[in-house]
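# Coordinate analysis (summary)
Listed below, chain by chain, are the residues.
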Amino acid sequence: MKPAHKTVPATLAWREGELYLLDQTRLPLEIVIERQDSAEQVWHSIQQLKVRGAPAIGVAAAYGLCVAMKPHRNQALTEFRAQLKHQAHYLESSRPTAVNLAWALRRMLAVAAHENAADSAMLYARLVAEAQKIHTEDTAICTGIAQHGVALIKSGMGVLTHCNAGALATSGLGTATAPMYLAHQRGTAFRVYADETRPLLQGARLTAWELDSAGIDVTLITDNMAASVMARGLVDLVIVGTDRVTANGDVVNKIGTLGVAVLAKHFGIPFYVACPSSTIDLATPTGAQVEIEERAPEEVTGFGGIRTASIGMRVGNPAFDVTPHELVTGLITEHGVLRAPLSAALQKMMQADSP
Ligand code: MRU
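Presented here is a report on the structure given in the accompanying data block. (Residues numbered from 1 in each chain as written. Predicted model: local features only at pLDDT ≥ 70, side-chain atom pairs only at ≥ 80, totals over all residues. Heavy atoms only, no water.)

### Considering the pattern of salt bridges
Counted according to the given criterion, the structure contains 14 salt bridges. Asp23 serves as the salt-bridge partner of Arg26, at 3.7 Å between the closest nitrogen and oxygen. Classification of Arg26 as partly exposed rests on a relative accessible area of 33%. The class of Asp23 is buried, set by a relative accessible area of 3%. One salt-bridge network, held together by shared partners, links Arg107, Glu115, Arg126, Glu130, Lys133 and Glu137. (Salt bridge = Lys/Arg side-chain N within 4 Å of Asp/Glu carboxyl O. Buried < 20%, exposed > 50% of the residue type's maximum accessible area, 1.4 Å probe, protein only.)

### Some details on empty space enclosed by the protein
If you walk through the whole model with that rule in mind, you get four cavities of 30 Å³ or more. Its volume calculated, the largest cavity comes out at about 180 Å³. Residue lining of the largest cavity: 20 residues in total, with Arg52, Gly53, Ala54, Asn164 and Asp243 positioned closest to the centre. Among the elements of the structure, helix 2 (54-69) and strand 9 (251-254) are those that each provide at least two residues to the lining of the largest cavity. Of the residues that constitute the lining of the largest cavity, the class distribution is eight nonpolar, eight polar and four charged. Two domains each provide a minimum of three residues to the lining of the largest cavity, namely domain 1 (12-143) and domain 2 (144-353). For the second largest cavity, the calculated volume is near 60 Å³. Mapped onto the lining of the second largest cavity, the elements with two or more residues apiece are helix 2, helix 4 (99-114) and helix 5 (120-149). With four residues, helix 5 is the single largest residue contributor to the lining of the second largest cavity. Residue composition of the lining of the second largest cavity, by class: five nonpolar, three polar and two charged. (1 Å grid on protein atoms, 1.4 Å probe; cavity = no way out; pocket = protein on both sides within 12 Å on 5 of 7 lines; lining within 4 Å. Points joined across faces, edges and corners; volume = space filled by probe spheres on them. Helix = DSSP H or I, 4+ residues; strand = E, 2+ residues; numbered from the N terminus. Nonpolar A, V, L, I, M, F, W, Y, C, P; charged D, E, K, R; others polar. Domains from an automatic or database assignment.)

### Considerations on the environment of Thr136
With respect to the helices and strands, the residue Thr136 is situated in helix 5. Among the residues examined, Thr136 registers a relative accessible area of 54% and is labelled exposed. Residues Thr136 and Ala340, 204 residues apart in the sequence, show an inter-C-alpha distance of 30 Å.

What follows is the structure in structure tokens.
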């Protein structure tokens, strides 16, 4: 049995009442950890992808709300509560697509609404405790996904993934990578192909780096190589993460995921999505209703400060796409693997999951 090790630094930490984030825009060349001192700083850290990945931005937003409310601890309760709503609304506006962000903030507001605190300091302490709960739950969810997904990875397999749904995107083993870490720990020999993931290279900078750091056999490929790698028979399984799964089982994930799903269908390769319950949005019927974040053109016209497109070029830069549920072989959740019909399976799981 190989040792389980995660050598990359933690994505975020709450220490002595302060939030610390690993700046993922500098990875893998530099390890920079930044203390977050204001709601505005947390907002920018999320928007600029210093912290990124659906589960991680949910946890960061929950702690971010604590950072925002810390200066208000001595105010009257009515003022504190009004400010809390305002700050949650503000933090939610940092990124629109991953449902975890809104989910975590809603959960924080619900806790505050039900808390009969004597003063603002007590309510603040309750909010910190809830953010810590969201954080530890996320770690456990990753472990659950690992346990339910590990059986899919057999010795000798090639597994392709897209973007980074790894440890860096969560508080634990990642989502798409969680079964990979566990399979590796159990001594299963398999290969991973990590799509580079244009335009911001989360696959190259983050996934390939974290899997390689853990001793997993990983090959970095550019996005346009996926078809050829599949055509050569090197891929037996695809596992990706998700930012939102709608009620009908449509999967919203990093731009390029849809292309991978279409390819997998063509080549008869199972296409699985690692999906924590915090990413399931039963209130939205299909992927067509999800707001897809459109990011700055500069992310496409150059990289690392070097311009690659002509000045004034018109650019499209949607950060996510929607994979229709028909292309999804299964959803790997912390409670088990869900299969078609996904809408019924999601309903059943979320009913059983609700307190
Ligand atoms: O823009 P990003 O880097 O936040 O996009 C991340 C993804 O699309 C991930 O696949 C998704 O959030 C799942 S992370 C466990």
